[in-house]
Amino acid sequence: MVTNRIAGKGGRTRSMAAMALASAVAVSGASGAQAAASPAPDAAGTITTVAGGVGGPGPATRVAVALPRGVSFAHGQLYISQGHVRDVSAATGRLTTPAGQINIPGAPVSDGGPAVAANLGARSTVTDSAGNLVIADEGNNRIRVLAARTGVFYGQQMTAGDIYTVAGDGTQGYSGDGGPATSAELNLLGPVTADGRGNLVIADTGNNRLRVVAVRTGVFYGQQMTAGDIYTVAGDGTAGSTGDGGPATSAEINGPEGVVVDQTGNLLLSDGGPSSLSGRIRVVAVSTGTFYGQQMTAGDIYTILANLYGPEGLALDGHGNLVIAEFDFNEILVYAASTGTFYGQQMTAGHAYRVAGGGTGQHGLGDGGPALRAVLYWPASVALDSAGNLIIADTFHSRVRVVAESSGSFYGQQMITGDIYTVAGNGTEGSSGYGGPATKAEIGLGGVALDHAGNLLVSDGVNGASLLRVVPPVSGTFYGQQMTAGDIYTIAGGGGSYPGDGGPATSGELGSPAGLVVDSSGNLLIADQGGNRIRMVAERTGTFYTQQMTAGDIYTVAGNGQYYFRGDGGPATLAQIASPAAVAVDGAGNLVLTDTVNNRVRVVAASTGTFYGQQMTAGYIYTVAGDGRIIFNGNGKPATQSSIYRPRGVAVDSHGNLVIADSGHNRVRVVAASAGTFYGRSMTAGDMYTVAGTGTAGFAGDGGAATQAEMSLPAGIAIDAAGNLLVADVLNGRVRVVAEKTGIFYGQPMTAGHIYTVAGGGTSGLGDGGPATSAELGPLGVAAGSQGSLLIADVSTARVRQVSG
């Protein structure tokens, strides 16, 4: 699993894959007779996007800008790095996304093609002297260039608008000094900048070095360099702070997170250190002379500012002052290059001053007020625009903010000198576009389903939004709201209190919604994974699951919010369940849920009777599969005596059998509802069997018997209208089908009991409009769509995808 680092100090890391898998889901097996979420493509097996994307284009403050890491400014445009590269007009405040539609670690990077469709994990940007946008692609361990015009740059023929690698081979490591930059290894890239001679200077953070890609042959930083090759100019690879006053290449540096070139050509770097007052700003002198009040020798390294707490991004303003994002102290500092008045303060050369941050939160974030009273949350990067305004990547507020240098109109807003304003981001980590076209919205996917009216339901739970959203296929009134066909709306979550039971669904909160299903009465059931509950939005007023409910209100139908395993045989709302990832409804109306962390599948009885071989009471909860153990103990045993490990998906097939994504065992399992032959196996009622997967994590066996194929973290499970079993094979980046019968499905001939990839595994990026097997995916959930299509919760591209049937 690849970890995309979003913060450089104190071990603050976040794995996008891990976040996604924490919300892995199974989604409903909706009827193939239902109305389409969007018009189905003509060719079977074709993939399209029906909801979600990078957001915009539109006003920057209305688009989610999740965890911005880098900011830069050139030619009237503010560039924001947050996996994608965002572009905000300084004049209008309008946002577009010129580079990066997907971020799938390990997938092809799409070099030589349009930058807008590239697989990208951008950390920072800089514009070079030719106007090209240079990108530190931390996610892929490369330095890449978005060509501004067609020509030869960095020794390569480039086409305007396309993207190219100019340093790094994609491998995380350290190698290649003195050789071609494209053959070198890099490690957890920090910022990239360009010096006055056009060379690229890279903060190779994980390797504790500064490295240079020479743009032409010559002597730079005291070394003979060859055009296109890469060289270390500071750091010996050891994390530390020794070596001041000596050669920079023999000194220790510690995770450099910022680098900038001053007017003389000296390199300034933020030497982070651990989260204590050991951070410092250091200088690699380009020539011998007196700089920053010290006598320096060319090629040597010196500290000019010490006792900082987590310095990261650096910038130089028009007066030569050094601006520092002090990440861990939530402040922006200025190190004055000369004595004078800057940022409304009298400053003395060689001293540091706070110019933004340090607020108490008494007045919220502080937007529209003095920058010194503002609240910042781990600012990672700073830049200056052409008007002298200070731009801040306020990373964990998921905003980009500006401190106005002078009063006027900037980024489409009226600003006052010294005050601070949000100019990009809506404060969420990936949810925006409500009430507008679904394909221009940002969604943090958890699960998908179709309701009885054919509306596309999306649980927006991966990025912390905790919303339930709907895309109607036709205009009308749904869930109490007037809606326009193809637009996206919030129907649950986003309120002021958790859980908000018994009140309007939009006034309550969700804890991180994952799997979804619609019951026979049209009620919407939600696996509220973060809240350790199963929630329900009532379609109409009546009694459901022993509770009196009002149409449009939200209720808990299982779980008391506590993260343990208790309560079997008692009322479901008093029971403890742990991180339920999926929910389904069987033919008797019972709720089936994955109690994922407790390694069980449990049932909430809709009525009193005998189900799954047990006598059940309406509204009570029971374990029907899994004994809590994790070691695989074979097949053909009673389901309650069989082990399942981290079940992340569940569905009920047309025979009433429970189909379970046994994710930890890399298998798909079935609990037989009755004796018979299912999925090519003879089964006994109540026993559990493997129907796909060998238990070995991997990808093998497509086109052959499903029980002989490898899988890697199966999650979402659904049954399509033909009875085929759909599986989101997460770590293989594929949706696979176990055929119920022999025939042609999703454009492929299939044999009963065999397994096939029907989407993902390709190298064509999004691949919209082409074969689904050529597309790149990060599937978490699947659902049966209309007209034989399937729907995919594609977490890596933050989209709902549709494959024609």
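Everything below is about the structure printed above this text.
Our subject in this report is the structure included herewith. All of these numbers come straight from a predicted model, not from anything done at the bench.

**Observations concerning the sheet that holds strand E38 (residues 456-460)**
Read across the sheet, 4 strands follow the order E37-E38-E39-E42 without closing on themselves; strand pairing throughout is antiparallel. One side of each edge strand has no neighbouring strand; the edge strands of this open sheet are strand E37 (445-450) and strand E42 (489-493). Across this sheet, the average inter-strand angle for adjacent strands is 25°, counted without regard to direction.

**Things to note about the nonpolar core**
Of all hydrophobic cores here, the largest spans 22 residues; its most connected members are Leu-78, Val-88, Ile-391, Val-400, Tyr-411 and Met-415. Those elements that provide at least two residues to this core are strand E3 (70-74), strand E4 (77-82), strand E32 (390-394), strand E33 (399-403) and strand E36 (420-424). Take this core: its biggest share by element is 3 residues, from E36. Excluding residues that lie within four positions of it along the chain, Leu-78 makes contacts with Val-71, Ser-72, Phe-73, Arg-86, Asp-87, Val-88, Ile-391, Val-400, Tyr-411 and Val-423.

**Brief notes about the side chain of Asp-385**
For Asp-385, the position within the fold is in the loop between strand E31 (379-384) and E32. No salt bridge is formed by the buried Asp-385; the nearest opposite charge belongs to Arg-401, separated by 14 Å. At 2.9 Å, the side chain of Asp-385 forms a polar contact with the backbone nitrogen of Ala-387. Among residues more than four places away in sequence, those in contact with Asp-385 are Phe-73, Ile-391 and Tyr-411.

**Quick look at the side chain of Thr-97**
Looking at where Thr-97 falls in the secondary structure, it is placed in strand E6 (residues 94-99). A distance of 2.8 Å separates polar atoms of two side chains, one belonging to Thr-97 and the other to Arg-86. Setting aside residues up to four positions removed in sequence, Thr-97 forms contacts with Val-54, Gly-55, His-84, Val-85, Arg-86 and Val-116.

**Considering the layout of surface pockets**
Computed from the structure, the second largest pocket encloses a volume of approximately 700 Å³. If you go around the second largest pocket, you meet 35 residues; those closest to its centre are Ser-72, Phe-73, Val-126, Thr-193 and Val-260. Partitioning the lining of the second largest pocket into residue classes produces 17 nonpolar, 12 polar and 6 charged.

**What about the packing of aromatic side chains?**
Tallied over the full model, the rule gives 6 aromatic pairs. When the centroid spacing of 5.5 Å and the interplanar angle of 45° are considered together, the rings of Tyr-377 and Trp-378 count as tilted. Seen from their ring centres, Trp-378 and Phe-396 are 4.9 Å apart, and the 90° between their planes marks the pair as edge-to-face. Pair noted here: Trp-378 is in the loop between strand E30 (352-357) and E31 and Phe-396 is in the loop between E32 and E33, with a separation of 18 residues, a long-range link.

**Some thoughts on the sheet that holds strand E61 (residues 687-692)**
The strand order E55-E61-E58-E57-E56 describes an open sheet built from 5 strands, whose pairing is antiparallel. The sheet terminates laterally at strand E55 (637-638) and strand E56 (647-652), the two strands that pair on one side only. Across 5 bridges, the pairing between strand E57 (residues 658-662) and strand E58 (residues 667-671) is antiparallel. If you follow Val-659 over to E58, its bridge partner there is Val-670.

**A few points about the pattern of salt bridges**
Inspection of every chain in the model, using the stated rule, returns 27 salt bridges. Residue Glu-257 pairs with Arg-123 through a salt bridge whose shortest N-O separation is 3.1 Å. Separated by 134 residues along the polypeptide, Glu-257 in the loop between strand E18 (230-234) and strand E19 (258-261) and Arg-123 in strand E7 (residues 122-127) bring together distant segments of the chain. According to the relative accessible area criterion, Glu-257 is buried, its value standing at 1%. For Arg-123, a relative accessible area of 1% translates into the label buried. A salt bridge links Arg-280 to Asp-244, with the nearest nitrogen and oxygen atoms 3.9 Å apart. Note that Arg-280 is positioned in strand E21 (residues 279-284) and Asp-244 in the loop between E18 and E19, a separation of 36 residues in sequence. Members of the salt-bridge network, linked through shared partners, are Arg-69, Arg-123, Glu-138, Glu-257 and Glu-312.

**Notes on the environment of Ala-527**
Checked against the element boundaries, Ala-527 lands in strand E44 (residues 524-528). The spatial distance from the C-alpha of Ala-527 to the C-alpha of Gly-552 is 17 Å, given a sequence separation of 25 residues.

**Section: the pairing of strand E48 (residues 554-558)**
Of all 5 residues in E48, 5 are buried, a share of seventy percent or more. One ladder, built from 4 bridges, connects strand E45 (residues 533-537) with E48; its direction is antiparallel. Within E48, the residue paired with Val-537 across the bridge is Ile-554.

**Re unusual backbone geometry**
Backbone geometry follows two general trends: most residues other than glycine have a negative phi, and most peptide bonds adopt the trans configuration. Following Gly-56, the chain continues to Pro-57 via a peptide bond in cis, the omega torsion being 0°. With respect to the helices, strands and loops of the structure, Pro-57 is situated in the loop between strand E1 (47-52) and strand E2 (58-59). Even without being a glycine, His-75 presents a positive backbone phi close to 55°. Look at His-75 and you get exposed, because its relative accessible area is 69%. The backbone of Asn-532 shows a phi angle near 55°, a positive value even though the residue is not glycine. In this fold, Asn-532 is placed in the loop between E44 and E45. For Asn-532, a relative accessible area of 7% gives the class buried.

**Some remarks on the environment of Pro-437**
Looking at the element boundaries, Pro-437 is found in the loop between E36 and E37. Between the alpha carbons of Pro-437 and Gly-76 there is a distance of 28 Å; along the sequence they are 361 residues apart. Leaving out residues up to four positions away in the same chain, Pro-437 has contacts with Gly-486 and Asp-487.

Calculation criteria
- Residues numbered from 1 in each chain as written.
- Predicted model: local features only at pLDDT ≥ 70, side-chain atom pairs only at ≥ 80, totals over all residues.
- Heavy atoms only, no water.
- Pairing = 2+ DSSP bridges.
- Helix = DSSP H or I, 4+ residues; strand = E, 2+ residues; numbered from the N terminus.
- Axes fitted to C-alpha atoms, helices over the stretch in contact; angles between N-to-C directions.
- Core = buried A, V, L, I, M, F, W, Y, C linked by side-chain atoms within 4.5 Å.
- Buried < 20%, exposed > 50% of the residue type's maximum accessible area, 1.4 Å probe, protein only.
- Contact = heavy atoms within 4.5 Å.
- Lys, Arg positive; Asp, Glu negative; His and termini not counted.
- Salt bridge = Lys/Arg side-chain N within 4 Å of Asp/Glu carboxyl O.
- Polar contact = N/O pair within 3.5 Å; in protein donor to acceptor, adjacent residues only side chain to side chain.
- 1 Å grid on protein atoms, 1.4 Å probe; cavity = no way out; pocket = protein on both sides within 12 Å on 5 of 7 lines; lining within 4 Å.
- Points joined across faces, edges and corners; volume = space filled by probe spheres on them.
- Nonpolar A, V, L, I, M, F, W, Y, C, P; charged D, E, K, R; others polar.
- Phe/Tyr/Trp six-rings, centres within 6.5 Å; stacked < 30°, edge-to-face > 60°.

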